[in-house]
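Here's the letter readout for the chains.
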Amino acid sequence: MKGERGLSTYQGKRDFERTREPRGEDAAGTPSADGGDPVFVVQIHDASTMHFDFRLEVDGVLKSWSVPKGPSTDPHDKRLAMPTEDHPMEYREFEGVIPKGEYGGGTVIVWDQGTYRPLPPKKRKDRDASFAERLEHGHITFWMNGEKLRGGYALTRFRTAESEGRESWLLVKENDERAGQRGTPDPRRAKSARSGRTLGQVAADESTADQGKD
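The structure displayed is predicted, hence computed values, not measured ones.

**Q** Go over the overall build of the chain with me, naming the residues and quoting the values.
**A** Helix and strand counts for the chain come out as four helices and nine strands. For the chain, the succession of helices and strands along the chain, N to C, is α-β-β-β-β-β-β-α-β-β-α-β-α. Pairs at least 24 apart in sequence give 61% of the contacts found in the chain among residues at least 6 apart. Of the roughly 11,200 Å² of accessible surface on the chain, a fraction of 45% belongs to carbon and sulfur atoms.

Spelled out as structure tokens, the structure:
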């Protein structure tokens, strides 16, 4: 998952005079506040196409993937995950409407949040590598402690940018005691882990607030 270090790509795609998304710092951000396990967030994003954004804290930024069908609790489900630009740590709290015409315009809710811990690599060559290095090598496994997602998951790169023009990964649930067959909820009915609101309710609330400013 190679790319520019820092947040220049993220910042270059956004007009922060128009969007309420956090700008972030020029360099890598602050690690998780409590100094414990790194954090993750899964956001539902009703943009030009509905998708889930899967983000893991790695080296002070949120490494991010767009997952069209969302993460599943069923180990038989192999979810396509397309890398996107690094996001600032503050983004894990973002919930609201990105204005039409802006990059990613549409409504965002925090569907799940929590912490994760890296799991030991299975390949001998990666046993001395850091989690960030294993990510660069194209395979990581980790245990999620979220409000909705729990247990082991794996992210594996199966297509490189050099070979096909864009990286592609698979997000798969490990077959452990937290595995199930629930799949992924209907994104339009799913509720935020932060506010308990649906996408429609967040959009309606922001529309009402904007009207009140007129």
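**Q** Quick one: what's the story with the pattern of salt bridges, residue by residue and with numbers?
**A** Applying the stated criterion across every chain yields a total of 14 salt bridges. Across the salt bridge formed by Arg55 and Asp53, the nearest N and O atoms sit 3.3 Å from each other. When its relative accessible area of 3% is taken as the criterion, Arg55 is described as buried. Relative accessible area serves as the criterion here: at 5%, Asp53 is assigned to the buried category. Shared partners join several salt bridges into a network, and the residues in it are Lys13, Arg14, Glu21 and Glu85.

**Q** Can you tell me about the packing of aromatic side chains, naming the residues and giving the values?
**A** Inspection of every chain in the model, using the stated rule, returns nine aromatic pairs. With 5.2 Å between their ring centres and 45° between their planes, Tyr91 and Phe94 make a pair best called tilted. Considered together, Tyr91 and Phe94 belong to a single accessibility category, that of buried residues. On the numbers, 5.6 Å between centres and 40° between planes, the contact of Tyr116 with Phe131 is tilted. Here Phe131 lies in helix α2 (residues 131-137) and Tyr116 lies in strand β6 (residues 106-118), a separation of 15 residues in the sequence. Neither residue differs from the other here; Tyr116 and Phe131 are each classed as buried. A network of ring pairs unites the aromatic residues Phe54, Trp65, Tyr116, Phe131, Phe142 and Trp169 as a single cluster. A cation over an aromatic ring shows up here: Lys173 above the ring of Tyr153, its NZ or CZ 5.2 Å from the ring centre.

**Q** Any chance you could break down the pairing of strand β9 (residues 168-173) for me, citing the residues and the numbers?
**A** Taken residue by residue, a regular strand's side chains alternate between the two faces of the sheet. In terms of burial, β9 is largely enclosed, as five of its six residues are buried. The sheet contact formed by strand β4 (residues 78-87) and β9 spans four bridges and is antiparallel. By the bridge assignment, Arg79 is partnered in β9 with Leu171. Examined bridge by bridge, strand β8 (residues 150-159) and β9 share six bridges and lie antiparallel to one another. From the neighbouring strand, Thr156 faces β9, where its bridge partner is Leu170.

**Q** Which residues make up the environment of Asp74, and what values go with them?
**A** If you trace the backbone, Asp74 turns up in the loop between β3 (61-67) and β4. Under the relative-accessibility criterion, Asp74 is labelled buried at 13%. The residues contacting Asp74, other than those within four sequence positions of it, are Lys173, Gly180 and Gln181. Side-chain polar atoms of Asp74 contact the backbone nitrogen of His76, separated by 2.9 Å.

Conventions we followed
Residues numbered from 1 in each chain as written. Predicted model: local features only at pLDDT ≥ 70, side-chain atom pairs only at ≥ 80, totals over all residues. Heavy atoms only, no water. Helix = DSSP H or I, 4+ residues; strand = E, 2+ residues; numbered from the N terminus. Contact = heavy atoms within 4.5 Å. Areas by Shrake-Rupley, 256 points an atom, 1.4 Å probe, with all protein chains shown as cover. Salt bridge = Lys/Arg side-chain N within 4 Å of Asp/Glu carboxyl O. Buried < 20%, exposed > 50% of the residue type's maximum accessible area, 1.4 Å probe, protein only. Phe/Tyr/Trp six-rings, centres within 6.5 Å; stacked < 30°, edge-to-face > 60°. Lys NZ or Arg CZ within 6 Å of the ring centre and 35° of its normal. Pairing = 2+ DSSP bridges. Polar contact = N/O pair within 3.5 Å; in protein donor to acceptor, adjacent residues only side chain to side chain.

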